[in-house]
Amino acid sequence: MKFYDDISESLLFEIPKSKNSSLKAMLNFEKFEIGESYVTSKIKNKKNDLFVVNIQGGSPGIDISSSLFNFTEIPKLAYLRTMIDNTILVRKLPVLGVKDWLLIYEDTLFLLAVKEKYDELEILCVF
């Protein structure tokens with residue numbers, strides 16, 4: 001197993017294995033639209049409804065989408081995992097709140113999205 005960086009290596013083994021305390025979603029991006037300080041992509045949820053994912057740099061955090069996850073309480077953390085050039089990238093972000101769209105604040109994911117280095121992103125929300 002090859003890792004994108006030391007952060008990814010340490011976080012991969014921290015991700016909880018229990019399904020009772022987490023929610024998981026796999027996002028497939030078809031194309032990113034690049035703005036001045038963000039990238040967006042439209043994806044479909046389980047109900048086949050389109051919604052927007054916005055990725056931008058800044059203080060790490062995530063606003064989760066109520067159309068993506070079925071939850072009764074707001075998760076505390078989200079682990080994001082993707083593959084970059086056959087290496088594993090993992091990030092842990094605090095959940096800031098709930099929005100109609102998915103909003104990710106993370107510098108590395110933003111820069112790699114601008115370069116279109118990934119097209120899938122797994123999100124694991126932990127309570």
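Provided above is the structure to which this section pertains.
Residues numbered from 1 in each chain as written. Predicted model: local features only at pLDDT ≥ 70, side-chain atom pairs only at ≥ 80, totals over all residues. Heavy atoms only, no water.

**As for the overall build of the protein**
Right, on to step 1. The secondary structure content of the protein amounts to 2 helices and 9 strands.
Right, on to step 2. Written out in order from the N terminus, the α and β elements of the protein read α-β-β-β-β-β-β-β-β-α-β.
Right, on to step 3. The C-alpha radius of gyration computed for the protein amounts to 14 Å, which stays within 12% of the reference 14 Å derived for 127 residues, consistent with globular compactness.
Right, on to step 4. If you line up the protein on its principal axes, its C-alpha atoms span 35 × 35 × 25 Å.
Right, on to step 5. The buried share of the protein, taken over its 127 residues, is 45%.
Right, on to step 6. Considering only contacts in the protein between residues 6 or more positions apart, those separated by 24 or more positions represent 68%. (Helix = DSSP H or I, 4+ residues; strand = E, 2+ residues; numbered from the N terminus. Rg over C-alpha atoms; globule rule 2.2 N^0.38 Å. Buried < 20%, exposed > 50% of the residue type's maximum accessible area, 1.4 Å probe, protein only. Contact = heavy atoms within 4.5 Å.)

**Observations concerning the pattern of salt bridges**
Right, on to step 1. Applying the stated criterion across every chain yields a total of 7 salt bridges.
Right, on to step 2. As a salt-bridge pair, Asp5 and Arg91 come within 2.6 Å of each other at their nearest N and O atoms. Of this pair, Asp5 sits in the segment before helix H1 (6-12) while Arg91 is found in strand E7 (residues 87-99), placing the two residues 86 residues apart along the sequence.
Right, on to step 3. The closest approach of N and O atoms between Arg91 and Glu106, which form a salt bridge, is 3.2 Å. Here Glu106 lies in the loop between strand E8 (102-105) and helix H2 (107-114) and Arg91 lies in strand E7, a separation of 15 residues in the sequence. (Salt bridge = Lys/Arg side-chain N within 4 Å of Asp/Glu carboxyl O.)

**What about unusual backbone geometry?**
Right, on to step 1. Phi is positive for Asn48, close to 70 degrees, though the residue is something other than glycine.
Right, on to step 2. Of note, Asp85 is a non-glycine position whose phi angle comes to about 45 degrees, a positive value.

**What to know about the sheet that holds strand E2 (residues 33-34)**
Right, on to step 1. Across the sheet, 9 strands lie side by side as E1-E9-E6-E7-E5-E8-E4-E3-E2; this open sheet has mixed pairing. A strand with exactly one partner marks an edge of an open sheet, and here the two such strands are strand E1 (22-28) and E2.
Right, on to step 2. Sheet topology places strand E5 (residues 61-65) next to E8; 3 bridges connect them, and they run antiparallel. Looking across to E8, one finds that Ile62 is bridged to Ile104. (Pairing = 2+ DSSP bridges.)

**Description of the packing of aromatic side chains**
Right, on to step 1. Tallying each qualifying case throughout the model produces 4 aromatic pairs.
Right, on to step 2. Judged by centre distance (4.9 Å) and plane angle (35 degrees), the rings of Phe29 and Phe32 are tilted. Each member of the pair, Phe29 as well as Phe32, carries the same accessibility label: buried.
Right, on to step 3. Ring centres 6.1 Å apart and planes at 75 degrees place the aromatic pair Phe29 and Tyr118 in the edge-to-face group. Placement of Phe29 in the loop between E1 and E2 and of Tyr118 in the loop between H2 and strand E9 (120-126) is noted, with a sequence separation of 89 residues between them.
Right, on to step 4. The class of Phe29 is buried, set by a relative accessible area of 6%.
Right, on to step 5. Feature note: the residues Phe29, Phe32 and Tyr118 constitute an aromatic cluster, connected by ring pairs. (Phe/Tyr/Trp six-rings, centres within 6.5 Å; stacked < 30°, edge-to-face > 60°.)

**Quick notes on H2**
Right, on to step 1. Those residues of H2 lying buried are Thr108, Leu109, Phe110, Leu112 and Ala113.
Right, on to step 2. Looking at the buried side of H2, the elements it contacts are strand E3 (38-44), strand E4 (50-56), strand E6 (77-84), E7, E8 and E9.
Right, on to step 3. If you check the start of H2, you find a side-chain oxygen 2.9 Å away from the backbone N of Thr108, and it comes from Glu106.
Right, on to step 4. Of the residues one or two after H2, Glu116 is the one with positive phi, at around 50 degrees. (Polar contact = N/O pair within 3.5 Å; in protein donor to acceptor, adjacent residues only side chain to side chain.)

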